[in-house]
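Structural features, examined
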Amino acid sequence: MALQAGIVGLPNVGKSTLFNALTAAGADSANYPFCTIEPNVGIVEVPDPRLGQINGQIETKKIIPAAVEIVDIAGLVRGASKGEGLGNQFLGHIRSVDAILQVVRCFDDADITHVDGTVDPLRDIETIGLELIFADLESAERRKSKWEKVAKSGNKEAKGHFALAEKMVAVLEAGQPLRAGDWTEEEREQLRHAQMITAKPVLYVCNIDEDGIGEGDNAHVAKVRAHALEQGAGVVVLCARAESEISELDEEDRAEFLADLGLEEPGLAVLARATYGLLGLQTYFTAGPKEIRAWTVKVGATAPQAAGVIHSDFERGFIRAEVYTIPDLQEYGSEAGMKAAGKLRVEGKEYVVQDGDVMHFRFNV
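Okay, so let's go over this structure. (Residues numbered from 1 in each chain as written. Predicted model: local features only at pLDDT ≥ 70, side-chain atom pairs only at ≥ 80, totals over all residues. Heavy atoms only, no water.)

**Some details on the overall build of the protein chain**
Inclusion rule: Labels follow the DSSP assignment, with helices taken as runs of H or I lasting at least four residues and strands as runs of E lasting at least two, numbered in each case from the N terminus. Atoms counted for the radius of gyration: C-alpha only. Globule rule: 2.2 Å times the number of residues to the power 0.38. Should any heavy atoms of two residues lie within 4.5 Å, those residues are considered in contact. Accessible surface area values rest on a Shrake-Rupley calculation with a 1.4 Å probe, where residue burial reflects the displayed protein chains alone. Positive residues here are Lys and Arg, negative ones are Asp and Glu, while His and the chain termini are left out of the count. To locate a charge, take atom NZ for lysine, CZ for arginine, CG for aspartate or CD for glutamate.
Along the protein chain, the regular secondary structure elements total 14 helices and 12 strands. Relative to a compact globule of 365 residues, whose C-alpha radius of gyration would be 21 Å, the protein chain shows 23 Å and is just as compact. With the principal axes as the frame, the protein chain shows a C-alpha extent of 65 × 65 × 35 Å. Residue pairs in contact within the protein chain that sit at least 24 positions apart in sequence constitute 68% of those at least 6 positions apart. Here the protein chain has roughly 18000 Å² of accessible surface; of this, 48% comes from carbon and sulfur atoms. Taking the average place of the 37 positive charges on the side chains of the protein chain and the average place of its 57 negative ones, the gap between the two points comes to 11 Å.

**Observations concerning the pattern of salt bridges**
Opposite charge on two side chains allows them to pair when their charged atoms are near. Counted only if it meets this: Criterion for a salt bridge: a side-chain nitrogen of Lys or Arg within 4 Å of a carboxyl oxygen of Asp or Glu. The rule is simple: take the accessible area with a 1.4 Å probe, protein chains only, and divide by the maximum for that residue type; under 20% is buried, over 50% is exposed, in between is partly exposed.
One pass over the structure, following the stated rule, counts 15 salt bridges. Two residues, D355 and R50, come together in a salt bridge whose shortest N-O distance is 3.0 Å. Pair noted here: D355 is in the loop between strand 11 (345-347) and strand 12 (358-363) and R50 is in helix 2 (residues 49-55), with a separation of 305 residues, a long-range link. Residue classification places D355 among the partly exposed positions, given a relative accessible area of 42%. Here E265 and R273 are joined by a salt bridge, their closest N and O atoms 2.5 Å apart. Note on R273: relative accessible area 32%, which makes it partly exposed.

**Regarding the packing of aromatic side chains**
The cut-off we apply is this: Any two rings among Phe, Tyr and Trp, with Trp reduced to its six-membered ring, count as a pair given centres within 6.5 Å; such a pair is stacked if its planes are under 30 degrees apart, edge-to-face if over 60, and tilted if neither.
This model, assessed by the stated rule, comprises 3 aromatic pairs. Look at Y284 and F361: their rings are 5.8 Å apart centre to centre, the planes differ by 90 degrees, and that puts the pair in the edge-to-face class. Remark: F361 occurs in strand 12 and Y284 occurs in strand 8 (residues 281-287); sequence separation between them is 77 residues. A relative accessible area of 0% places Y284 in the buried class.

**Some words on the pairing of strand 10 (residues 318-324)**
For clarity, the cut-off: Pairing between strands is defined by DSSP: at least two bridges between them are needed.
Of all 7 residues in strand 10, 5 are buried, a share of seventy percent or more. The pairing of strand 10 with strand 11 spans 3 bridges and is classified as antiparallel. The partner of E322 across the bridge, within strand 11, is V346.

**Brief notes about the environment of D109**
With respect to the helices and strands, the residue D109 is situated in the loop between strand 5 (99-105) and helix 4 (121-152). D109 gets classed as partly exposed once you look at its relative accessible area, which sits at 25%. When the C-alpha atoms of D109 and D209 are compared, they prove to be 8.7 Å apart, with 100 residues separating the residues in sequence.

**Let's talk about unusual backbone geometry**
At N12, a position not held by glycine, the phi torsion is positive, near 65 degrees. Its location among the elements puts N12 in the loop between strand 1 (4-8) and helix 1 (15-23). For N12, a relative accessible area of 16% translates into the label buried. At Q195, a residue that is not glycine, the phi angle is positive and equals roughly 55 degrees. Judged by its relative accessible area of 36%, Q195 falls in the partly exposed class.

**Some details on a negative patch on the surface**
For clarity, the cut-off: Only residues whose relative accessible area exceeds 30% and that form no salt bridge are eligible for patches; like-charged ones are grouped when within 9 Å, while nonpolar side chains (Val, Leu, Ile, Met, Phe, Trp, Tyr) are grouped when within 5 Å.
Taken together, the side chains of D250, E251, E252, D253, E256 and D260 present a region of like negative charge at the surface. Within the element layout of this structure, D253 appears in helix 9 (residues 251-261). Accessibility expressed as a relative area gives 37% for D253, which makes it partly exposed.

**Some thoughts on the packing of helix 4 against helix 7 (residues 219-231)**
Filter applied, for reference: For helices, the fitted axis covers only the stretch in contact; all axes are lines through C-alpha atoms, and the angles between them, taken along N-to-C directions, range from 0 to 180 degrees. An angle below 35 degrees is read as roughly parallel, one above 145 as roughly antiparallel, one from 65 to 115 as roughly perpendicular, and any other as oblique. Any residue outside Ala, Val, Leu, Ile, Met, Phe, Trp, Tyr, Cys, Pro, Asp, Glu, Lys and Arg is labelled polar, Gly included; the first ten of those are nonpolar and the last four are charged.
Remark: helix 4 packs on helix 7, axes separated minimally by 9 Å, with the N-to-C direction vectors making an angle of 45 degrees. By the criterion of interaxial angle, the relationship of helix 4 to helix 7 is oblique. Packed against helix 4, whose contacting residues are P121, L122 and I125, the element helix 7 presents H220, K223, V224 and H227 at the interface. Among the residues making up the contact of helix 4 with helix 7, the classes are represented as 4 nonpolar, 2 polar and 1 charged.

**Let's talk about helix 7**
Each α-helix turn comprises 3.6 residues. Residues three or four places apart therefore point the same way. Formally: A helix is expected to reach a length of 1.5 Å times the quantity of its residues less one. Starting at the helix axis, one direction is taken to each C-beta atom, and the arc is that of these directions. Contacts described as polar in this section are N or O atom pairs within 3.5 Å, which, within protein, must combine one atom able to donate a hydrogen with one able to accept it, while residues neighboring in sequence count only if both atoms come from side chains.
Taking 1.5 Å per residue as the helical rise, helix 7 with its 13 residues ought to reach 18 Å, and the 19 Å between its terminal C-alpha atoms agrees with that figure. Along helix 7, the residues that are buried comprise H220, V221, V224 and A228. Take helix 7 and look down its axis: the buried residues cluster within an arc of 90 degrees, on one side only. Relative to its buried face, helix 7 has exposed residues pointing more than 90 degrees away, namely A219, L229 and E230. If you follow the buried residues of helix 7, they end up packed against strand 5, helix 4, strand 6 (202-207) and strand 7 (234-238). Regarding helix 7, its N-cap is N218, as a side-chain oxygen of that residue lies 3.0 Å from the backbone nitrogen of H220 further along. At the exit of helix 7 stands G232, carrying a positive phi of roughly 70 degrees.

Quick look at the structure:
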């Protein structure tokens, strides 16, 4: 799936440090604004224990997890919608992603400069939120002007576009992001095609310091959680600096370091899974002696669409899918055992793939 989540935030909140840890891409990271100018893109694996569960019953040569694309975008400052800082570049890059990971500084450190002088996560969230609303409002007003004259002539398509633009302007002028509006599915699809920034789903990533790991929410994080709850958004809490160190360790040292921190898994694993869900993605698996692989599809995908992720010929010539669940595989021990127990299902073109399905496709082209 060519879907991307963009890491955004004010300068010096830990975006590039987090991106480095996520992707091991070596993006520049420094204590000054606009260190990131061109967006860095990395592929991030999505940890999934179900791959190991399948491998416990099926021997294979290779295991391939699902992945998401993460984009590290230049820090935004107040006035970006009017071109301040790297505003125009920032807004252009953020329009192209499908979801937003907003990194929020939730730690105090006099040695790390804050662009506004003090640490206040809600002010930071509001700064970015308002700049994105202003940018969308300008875009919506242009769309409204574009379709208004044609709509008055009675053109049905133009009337629809004009009505949507009017609705967008009303939501934005009320100081609300478009994701907070009441939209039909058709309207949501139009917002997506129009690349309206504030219509994109958001996940807040609270960047804490190392002393706060495992200590529960600090006052900054608590404020972000309360705000996210009001907005219907998710929150992931981690320490970007510690995650960067963890990502450089081998498996044995990583396990020891996590134990010392009181963590069961890296925060990045939590973030990767949350990002996957934020993009509306789910996983199905194929399994055999050559490889066990996690494949990515949109929630609601049909069996032929899932087959098409592997190869377009699979979708074009789709005949049927043989489907089973991982719990059944664990209970009966093999595909032969499931087949004998009637647990190996045959599904047709209308079947909607469920997260965690293990599938084999039959096709003819």
